[in-house]
Structures are given as structure tokens and as C-alpha cells.
Amino acid sequence: MVSGAHMTESTPLLQVTDLSIRFAGVPGNLVDGVSLTLNAGETLCVVGESGCGKSLTALALMGLLPMPPARRMSGQAIFEGQDLFDMPLEALKDIRGNRMAMIFQEPMTSLNPAIKVGEQIAEAVRRHKGVNREQARARALEMLRRVRIPAPEKRLDEYPHQMSGGMRQRAMIAMALANDPALLIADEPTTALDVTVQAQVLDLMRTLQRETNAALIMITHDLGVVAEMADTVVVMYAGRIVEAGPVRKVFEDPQHPYTIGLMSSMPDLGPRGGRLVTIPGVVPPADAMPEGCRFAARCPFAGADCAAAPPLRDLGDRHRVACWRAPLEFGAPDLAAHPAAQGAAS
Amino acid sequence: MTALTDTTHPPRKPRSRVWRKLRANPSALLGAVLVGFFTLIAVLAPVLPLPGPMETDWMAVRKAPSGAHLLGTDEIGRDVLARMVWGAQASLLAGVVSVAIALAIGIPLGVAAGYARGWTDAVISRGTEALLAAPFLILAIALAAFLGPSLSNAMIAIGLSAMPVFVRLARGQTMSVMTEDYVESARAVGLGHMAIIWRYILPNIFPPLLVQATLTVATAIIAEASLSFLGLGQQPPAPSWGSMLNVAKNFLEQAPWMALWPGIAIFLVVLGFNLLGDGLRDALDPRDS
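As the structure is a computational prediction, the values presented were derived from the model and not from experiment. (Residues numbered from 1 in each chain as written. Chains lettered and ligands numbered in written order. Predicted model: local features only at pLDDT ≥ 70, side-chain atom pairs only at ≥ 80, totals over all residues.)

What about the packing of helix H9 (residues 241–248) of chain B against helix H10 (residues 257–284) of chain B?
Helices that pack against each other are described as a pair by the angle of their axes relative to one another and the distance between those axes. Residues and elements named next belong to chain B. For the pair H9 and H10, interaxial distance at closest approach is 8 Å and the crossing angle is 150°. As far as their axial angle goes, H10 and H9 are roughly antiparallel. For the crossing formed where H9 meets H10, the hand is left-handed. Across the interface between the two elements, Trp241, Met244, Leu245 and Ala248 from H9 touch Met258, Ala259, Pro262, Gly263, Ala265 and Ile266 from H10. Here the contact of H9 with H10 is built from residues that sort into 9 nonpolar, 1 polar and no charged. (Axes fitted to C-alpha atoms, helices over the stretch in contact; angles between N-to-C directions. Helix = DSSP H or I, 4+ residues; strand = E, 2+ residues; numbered from the N terminus. Parallel < 35°, antiparallel > 145°, perpendicular 65-115°, else oblique. Left-handed = near helix turned anticlockwise from the far one by under 90°. Contact = placed C-beta atoms within 7 Å. Nonpolar A, V, L, I, M, F, W, Y, C, P; charged D, E, K, R; others polar.)

Considering the pairing of strand E6 (residues 100–103) of chain A
Residue and element names in this part refer to chain A. Alternating residues of E6 divide into Met100 and Met102 and Ala101 and Ile103, and every residue in both groups is buried. Two strands pair when backbone bridges link them, and E6 and strand E7 (residues 183–187) are joined in this way by 4 bridges, in the parallel orientation. Residue pairing for E7: methionine 102 is matched across the bridge by isoleucine 185. (Buried ≥ 20, exposed ≤ 12 C-beta atoms within 10 Å, placed from the backbone. Pairing = 2+ DSSP bridges.)

Topic: the packing of helix H5 (residues 136–147) of chain B against helix H8 (residues 193–229) of chain B
Residues and elements named next belong to chain B. In the contact formed by H5 and H8, the axes pass within 11 Å of each other and the chain directions differ by 50°. Considered as vectors, H5 and H8 are oriented oblique to each other. In this structure, H5 crosses over H8, and the sense of that crossing is right-handed. In this structure, H5 uses Leu137, Ala140, Ile141 and Ala144 to contact H8, whose residues at the interface are Ala223, Ser226 and Leu227. Taken together, the residues of the contact of H5 with H8 break down into 6 nonpolar, 1 polar and no charged.

Observations regarding the interface of chain B and chain A
Between chain B and chain A, the residue contacts involve 25 residues of the former and 35 residues of the latter. Among the elements of the structure, helix H7 (181–188) and H8 of chain B are those that each provide at least two residues to the side of chain B that touches chain A. Residues that form the side of chain B that touches chain A fall into these classes: 10 nonpolar, 8 polar and 7 charged.

Dropping the structure here:
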């Protein structure tokens, strides 16, 4: 009954329920009622613009949110049978970098400039596996080889500043995968890289994921990356999930006006014709979140009913949308012809 | 697959870049030469062909520089050159040991404050500020007087007085390194506090501390000379530039060389450490390459 590549084992690898995060001094939730399900080996992409809460969600899962100022208002994250949000810090540290690892956005600054790359990877191995220095070093070498860094024996003893950005990101991936994690969280891993290197790194991540059967949560704002990588996609807007589902469903038949706007604001290859479609307006500031649908002020279809927050409803085939207008009975509307203001006023 | 276009950079360690920049800087080089020179004579003091620094010769009291006594003799006929050479040992030792004391106490406190924040930081910072409120030399004199006059007590007094500066510097640097992405990625790997401090904080706060330490050696040498001048440091008859100056001030008209040489030596060695420290600061500055 379900489409998509890897489906329904009895218990998912990661089950996040109703995660809400608030920051001191800000009245609204910056992450509001987010729920995610991820099976082993599956890739979940979280998309949305800057400040939509996608990175906060990832950091919260890793236990890396600075608290205070951040505060978790509600939520559970069951990972391999344990609630990540309800365990002592020491237990979480044993999981971090071991069963669950993270790749950051900035390869240029995410490696310690004072330590050789090989030692940094070896350190991550020694932290979690009871191995000696030589074994950890051998593992680091093996990992550098697996991420296809040329001349890995030499690179092992180099400092990060001797490597290019693409190579550093490979080294970060090597470090993250060194302990065979079941879950890899990548926060915009290719944003800082140039386009050709991006493609190589994505390709590498896909290959390694296939080899290790790790599940991947990929945070991105690049729909091209989503199309390339995802089994499932989650679209976030202003801290809430507005649409989620198998990537093919969401791309072929986007239901939320925000998703539709995102899709049509993508530049395509080929001859340029006219202006790119933009979504009018801006994301509401965190201290002035509207009560109801947070997208209403920018939505060409908004009406009086949008003053109440729409629930995330399942339209079938795990395709879920938080919009009163869904399912849309027509194709993607021509947003360019609908200045937002006209629909928003009521 | 995945053809690699990454260009291989010539292997070049940061230390070698620092060294190159240091060598290209004439004043830093002069500083290094001065420091090297005084260090050399201080180390070689026991083997240099000189009379003992405490050997008196009543036949040659307050003699001007000559072939027999290159820098002259003092008021009880001791060879000034010999006393200068042994005095270099006291001065440099005082400078280095007191800075080592300051670092040994200051860095752990500063890193603890910057890493833990909260009330740990509040306690350490308030204490540091209280110490910083007292002028450096006054504090050192008070501590030395309290501990009792001797060279080792002078070193402790100077070290404790210089310590707050290192607490502050280490705290600030720790706080700034803590915001770096690589510290977050260290936490994401599951490393504990000690591993993060040892491997991620300390190596990255080291350069500014090194510069400050070099400059503080100069200050500490002056402080030692001042304490010895006041009789709170090296005790006679053991030689020290400060105590030599103290005696020499009584004979400025009859035997000016007694004051001249220690004065010049203090000037040169302090200049040397300052030039070297400034050079290190420039060389370690990653902003211009």
C-alpha cells in the first residue's frame, strides 16, 4: 500500500513526537509541535528557509542546543528505544558520535585547526570503542579511504588548513561515520561548497549510506538536494511542519501554498523566461507569531478560517499537509498572478 | 567515480609560517639575539673564565674598567663582569620562573571561568579584578615583604602579581574559542569536558598566551630588579642586577661603571623580550599572511 523505497519496519529508528522549543525572551515557539518518523536506512530531508526551525530541531536531537536560552516545551524523541530528551547527559554523550552523528555546515571551521585530521577522527573512535591508538589510527585511515580522500596516508598527518573545503567536508563525514552510526544528521552539509564539489559530496554520502545502511536526516534549503537525496521530505515554515510525505508525492503534487511557492521559486536550467516567482512578504518575526496558520499573511488562498491553526492531515500515502485548502483540486496555481495582500485581508 | 579536483597544497605547518614571519622581522630578530645572548651567558656562567662573583680583592677596590677587570670592580673589589654574568642568571631565572608560576595558576583558573561560566566565572573574575585593582609592582612588593626576602619568594610574589592578567586572557580566549564550530563538532562526537579542554581549547588559546608570557617576562625581570634593589629579592652577597644597582647608587660619582653596566643590562634584556614578544604577536597574527 505504501510507495517509496524503504518502508515500515515495525518500530522506526527514530520517532520524534510533538517537539516544541522556545527561547528565553521570545513568546512564540520557534519549533512548534514537530513530529518525525525515520526508519533505518531511510533519508529524510527537512526543507525550509532560514529561521524556520530546521537546524534547531537537528541540534535538539543531538542535545546540542544551549539550554538556557533554549527550552524544550514538549516532545519525545525515541531513538533505538530510548528517549533522547529524557536521559542523563552522560548517557547522551555515549550515543553522540557513536549511534548518532552529525555533519555541520561549515567544513572550514568545523575541524580543530590545532590537531591533525587523522588524530581528530581517531579521537572520535577511541572515545566510543575500546581500542588503542594504533587501532584508532588504522580506523581513521580506513575512513579517509572510504570518503575517497586521495593519498589518505599522507592526509592523516595533515592539519585542516592544508586541505580544501571539499576535502575537509569529506574528513568531517569520515569522522561522523567512523563509529558506524545508525543515524546521521547533516545540517546543510553542502551549502558552503561550490557546485561541483557539492555534487561529489552528495554522491559520496549516498554511496556511504547505502554501504552502512545508516538513516540520514538532511537539513537543507536546496530543493535540488532534496530531489537528489530524499525518500521523505518535510517542509517547515516558521517552526511548524506544513507539509510532509514521500518525496515524489510532495514534488509532483505539492498541496501547501508555501511548498508550491518554494517549488516555483526554483530557477531551472534552460532559457530564462521572465522573472522568478517569489513568495511575497516575509516570515513573521519570532515574537509576533500569528495565532492561526503562520503562513496566512503571505498566502494567496487565505481566508477567515485560517485564523485557526490547521492540523497536519493525512491525504493518503503518508502525504500530510497542514492547510485548510488541501487537497487542492486544481494544479499548482499561478502565484505570480496573486499578490498576497488581496487574499490575506478578510 | 567522484573524480577529485582538489588541488594539493604544499605541506606547510603553521609553525613554519610563524618562524618565517619572525625571521623576516628585523626588530624581532634583534630581540631574539638579545634574549639569546643573555640566556647564553647566564647558562655558561659557571664555565666562563672569570673570577668568582663573590671573590673580593682588597687591592682592587672600585677600579675603573681595565684589562684585568673588563667592567671594573665594585666597592669591595669584586669583578663587576663576573657579577653581571651571574646576575644575568638570577634575572632570567626570576623572569622565567615567575611567569611560569603565573601561567600555571592563571591558565587553569581562566579556562575554568571561561568554560564553566556561571558562578565559577563570577567568583574567579571578581577575585581577578580585586588583584588587578592593585598596581602590579606594589602588589609584588607587598607579597614579597609578606613572604620574606629571598629570590624564590620574590619569584612567587612576582608570579602571583602577574597571574591575574593570564586569568583574564585565558578566560576571554576560552570564551571565544567556545563559540567556534569545531568545539560544537567535538561535542557532537561525544567528547567530554576534559577532552575538549585539553585538545580543543588549550591548543587554540596558546598563541596569545605565548605572546603575553614573553612580554610578561620583561616586566618580571624589571620587577625582580626592583625587589632586589629594595632588598626584597636576591640577598647579598649573591649577585643580582637590582642589588648591584642598589649598592652602586652610593658610588655614582666615584665609580659610575658600577651602576652603568647593570642598568644597561636590564635595559637590553627587557628591550629584547619586548621586541621578541611584539614580533611573536605579529607572526602569530593570522590576519596577514
